[in-house]
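Listed here are the chains, written in short residue letters.
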Amino acid sequence: MRVLYPGSFDPLTFGHLDLIQRACELFGGVVVAVLKNPAKKPTFDLERRLHQIKMATGHLNGVETISFEGLTVSCARANKADLILRGLRAMSDFEYELQIAHTNRSLDADFETIFLASEAHHSFLSSSVVKEVARFGGTVAHMVPEIVARDLERLFNSGESTNQNGEH
Ligand code: ADP
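First, a word on what this report is: a plain description of the structure on this page. Source: prediction; values computed, not measured.

In this section: the site of the ligand. Around the ligand, 16 residues are found, and the nearest of them are Y5, S8, F9, G87 and H122. Side-chain polar atom of R89 to a nitrogen atom of the ligand: 3.3 Å apart, as the coordinates give it. In this structure, a nitrogen atom belonging to the ligand sits 3.1 Å away from a main-chain N or O atom of L125. Against a free-state accessible area of 550 Å², the protein chains account for coverage of 88% of the ligand.

This is the structure in structure tokens:
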């Protein structure tokens, strides 16, 4: 089974990474698909998000990192995936995720969405919470991979002139 894990990953957290790891164990690999949503201005541009994921998953076998625009089901078809993976942290995720899963299935019944429950100790983690903490100078080392922690530090706390890609 080939599994597609779509998301914004803006930025990648240990919650995402945990799902990627578990998908590798369950399915022998996973295609991480980073959404390029022209309607949303991301904190980290697409190239940086792809780089963060590649760096943070370098130790895992079977992780492919791609980007996509448009429908998830089109991306799944183009990449010959069988399953779409999403994560559930709490009941608050459930309603939204169920709606998306039904929508995707109504568009293309060839794809099943499967859900993995977040590890309890990752269930409070979201990209937006991580950014809030980093913005106000809090430590995020226990929330995100090192590459992301460094990028956040540069972005919010250095006071140096950097662009959103963490480059000087
Ligand atoms: P999106 O913008 O598409 O919701 P995200 O990058 O926020 O993308 O999340 C991608 C997927 O990963 C979603 O299914 C989300 O529920 C899941 N996810 C996010 N954070 C966690 C976490 N801490 N633990 C488990 N799953 C998570």
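From this point, the narrative continues.
Time to look at the pattern of salt bridges. If you walk through the whole model with that rule in mind, you get 12 salt bridges. Put simply, D151 and R48 hold a salt bridge, and the shortest N to O gap is 2.8 Å. With D151 in helix α6 (residues 146-157) and R48 in helix α2 (residues 46-56), this residue pair connects regions lying 103 residues apart in the sequence. Several salt bridges share partner residues, and in doing so they unite R48, D151 and R154 into one network.

Criteria and thresholds
Residues numbered from 1 in each chain as written. Predicted model: local features only at pLDDT ≥ 70, side-chain atom pairs only at ≥ 80, totals over all residues. Heavy atoms only, no water. Near = heavy atom within 4 Å. Polar contact = N/O pair within 3.5 Å; in protein donor to acceptor, adjacent residues only side chain to side chain. Areas by Shrake-Rupley, 256 points an atom, 1.4 Å probe, with all protein chains shown as cover. Salt bridge = Lys/Arg side-chain N within 4 Å of Asp/Glu carboxyl O. Helix = DSSP H or I, 4+ residues; strand = E, 2+ residues; numbered from the N terminus.

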